[in-house]
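For reference, the chains in residue letters:
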Amino acid sequence: MPLCHSWHPYNLIIHICYNLKGAFNNFIPPASNFPAIDYGNDEYITIPWAYIKNSGLRHESKDIKIHDCLDGGTNQDIILYRRIAVQEQFKFLNDRVIFNEMVGWIIGPPGTGKSMASFAFAVGTKCYQSSMLVTWMHCNKAFGVLEMVHFKNGSKTCTYMPYAANNLDFWFDKLDGNEKHIMFVDGITDTDTKFESLLSHCRHWVIRDRQKRRLVFVASMASRYKHKFYEDVENGIETYHVFSWTFDEYKSAIKNTTLWNNVLQNLNSNLDKTTANDLLVSKYFFAGGSCRYMFMYFHQQVLDDLHSAISDVSDVSTYLNNYSRETSKGVINRLYSCYKLYDGSRST
């Protein structure tokens, strides 16, 4: 393989993708005009669609029947309500990961906004700086590929790579530059054996230069499976738990007129009354603490998905009687909500 003229880490990423086009599902050349976004102290954060495109968080579609969480449709900007959980997540990423060099795990039930909040932080001014290369890596389980977006000095590059071991060996071996680099790995779990190789590569990558490298895993897990506290302390690993949405948070979120107009079509109801509160109450009965269920899908779509999940449970009585815990083998994560109690403990 020909050598790259410049071994700057960002140029290296472009070089690797260009020379391995046959091994990658796709390579999109760098695009400019992607500066860091300054959110300030805004209660509602707007993330332009151009930043999100090809990240795996939203997939481009011209089908107007597809409705996406909080944005009213694909190919549109995302409006993120900065609830307390998002504020705390930003603080964890800034204070514990960036400044204290911890490997971060962002976990919680599906549909709580973990990934979108992490991506918002990744492209924000506190993370995406002139001296920092930002890599967002999404694990697309359905197609067995890694969807990757790289931001550097106002430019964005996108790649798609099958997560076969030989691809991972080559990719991570070439990411040994001296520049500050933060990597977000979204959609991974530490209980799925097909991710073992990726987890191992990520850990070895950050260990090789803990001073300049940062690593964050974002996972839809109610709890990390069989992790040991003393090992986390010794290895500099910390976890932030994102809790499910409360009804009051839903009410606060829709105070934003644009957000409300975008999600109203998914709050369909057969109720005679159609006040905002009535629509929320009707949907909340099924959606619970998942803002994805609340704002992304119609009532019937939520019911169908829940019915499918319940059908996958071998003994539903264990859920109804709370015998099945969040770390149990074969647990269906989307059947759980998790809330923070007054004493700081968790209630599932």
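Residues numbered from 1 in each chain as written. Predicted model: local features only at pLDDT ≥ 70, side-chain atom pairs only at ≥ 80, totals over all residues. Heavy atoms only, no water.

So, on to the nonpolar core. Ranked by internal contacts, the top residues of the largest apolar core, which has 40 residues, are I47, F119, V134, F151 and F184. When residues in this core are grouped by element, the largest group, seven residues, is from helix α3 (residues 84–99). Those residues within four positions of F184 in sequence are excluded, and the remaining contacts are L93, S118, F121, A122, C127, V134, T135, W136, M137 and V216. In terms of nonpolar packing, the next biggest core, distinct from the first, is built from 27 residues, I107, C139, L175 and V185 among them. (Core = buried A, V, L, I, M, F, W, Y, C linked by side-chain atoms within 4.5 Å. Buried < 20%, exposed > 50% of the residue type's maximum accessible area, 1.4 Å probe, protein only. Helix = DSSP H or I, 4+ residues; strand = E, 2+ residues; numbered from the N terminus. Contact = heavy atoms within 4.5 Å.)

Let us look at the packing of aromatic side chains. Across all of its chains, the model carries 19 aromatic pairs by this definition. Note on Y51 and F151: the rings are 5.8 Å apart at their centroids and 20° apart in plane angle, and the pair reads as stacked. Of this pair, Y51 sits in helix α2 (residues 49–52) while F151 sits in strand β6 (residues 145–152), and the two are 100 residues apart along the sequence. Taken together, a centroid distance of 6.3 Å and an interplanar angle of 70° make the contact between F119 and F151 edge-to-face. Residue F119 is located in helix α4 (residues 114–122), and its partner F151 is located in strand β6; the two are separated by 32 residues in the primary sequence. Grouped by ring-pair contacts, the aromatic residues F34, Y51, F119, Y128, W136, F151 and F184 constitute a single cluster. (Phe/Tyr/Trp six-rings, centres within 6.5 Å; stacked < 30°, edge-to-face > 60°.)

Right, let's talk about the pattern of salt bridges for a bit. As enumerated under the stated definition, the model contains five salt bridges in all. The salt bridge involving E249 is made with R83; its shortest N-O contact spans 3.0 Å. Of the two residues, E249 sits in helix α8 (residues 247–253) while R83 sits in the loop between β3 (78–81) and α3, which places them 166 residues apart along the sequence. Neither residue differs from the other here; E249 and R83 are each classed as buried. As a salt-bridge pair, E238 and R96 come within 2.7 Å of each other at their nearest N and O atoms. Of the two residues, E238 is situated in strand β10 (residues 237–241) and R96 in helix α3; the sequence distance between them amounts to 142 residues. According to the relative accessible area criterion, E238 is partly exposed, its value standing at 23%. Take R96: its relative accessible area is 28%, and that puts it in the partly exposed class. (Salt bridge = Lys/Arg side-chain N within 4 Å of Asp/Glu carboxyl O.)

This next bit is on the environment of P48. Along the chain, P48 turns up in the loop between β2 (44–47) and α2. Its relative accessible area of 27% is what places P48 among the partly exposed residues. Taking the C-alpha atoms as reference points, P48 and I37, 11 residues apart in sequence, are found 9.5 Å from one another. When near neighbours in sequence (up to four residues on either side) are disregarded, P48 contacts I37 and D77.

The next thing to look at is a nonpolar patch on the surface. The grouping of F229, Y230 and V233 at the surface amounts to a nonpolar patch, some 370 Å² of accessible area in total. If you trace the backbone, V233 turns up in helix α7 (residues 229–235). Accessibility expressed as a relative area gives 54% for V233, which makes it exposed. (Patch = residues over 30% accessible without salt bridge, like charges linked within 9 Å, V, L, I, M, F, W, Y side chains within 5 Å. Areas by Shrake-Rupley, 256 points an atom, 1.4 Å probe, with all protein chains shown as cover.)

Turning next to the pairing of strand β7 (residues 155–162). Consecutive residues of a regular strand have side chains that alternate between opposite faces of the sheet. Counting buried residues along β7, seven of its eight residues qualify, which places the element largely inside the surrounding structure. Sheet topology places β6 next to β7; eight bridges connect them, and they run antiparallel. Within the sheet, the bridge partner assigned to V145 lies in β7 and is P162. Hairpin connection from β6 to β7: two residues lie between these consecutive antiparallel strands, with N153 at a positive phi of about 50°. (Pairing = 2+ DSSP bridges.)

Okay, unusual backbone geometry next. Of note, N33 is a non-glycine position whose phi angle comes to about 65°, a positive value. Tracing the chain through its elements places N33 in the loop between β1 (26–31) and β2. Positive phi, close to 60°, is recorded for E101, a residue that is not glycine. Structurally, E101 can be placed in the loop between α3 and β4 (103–107).

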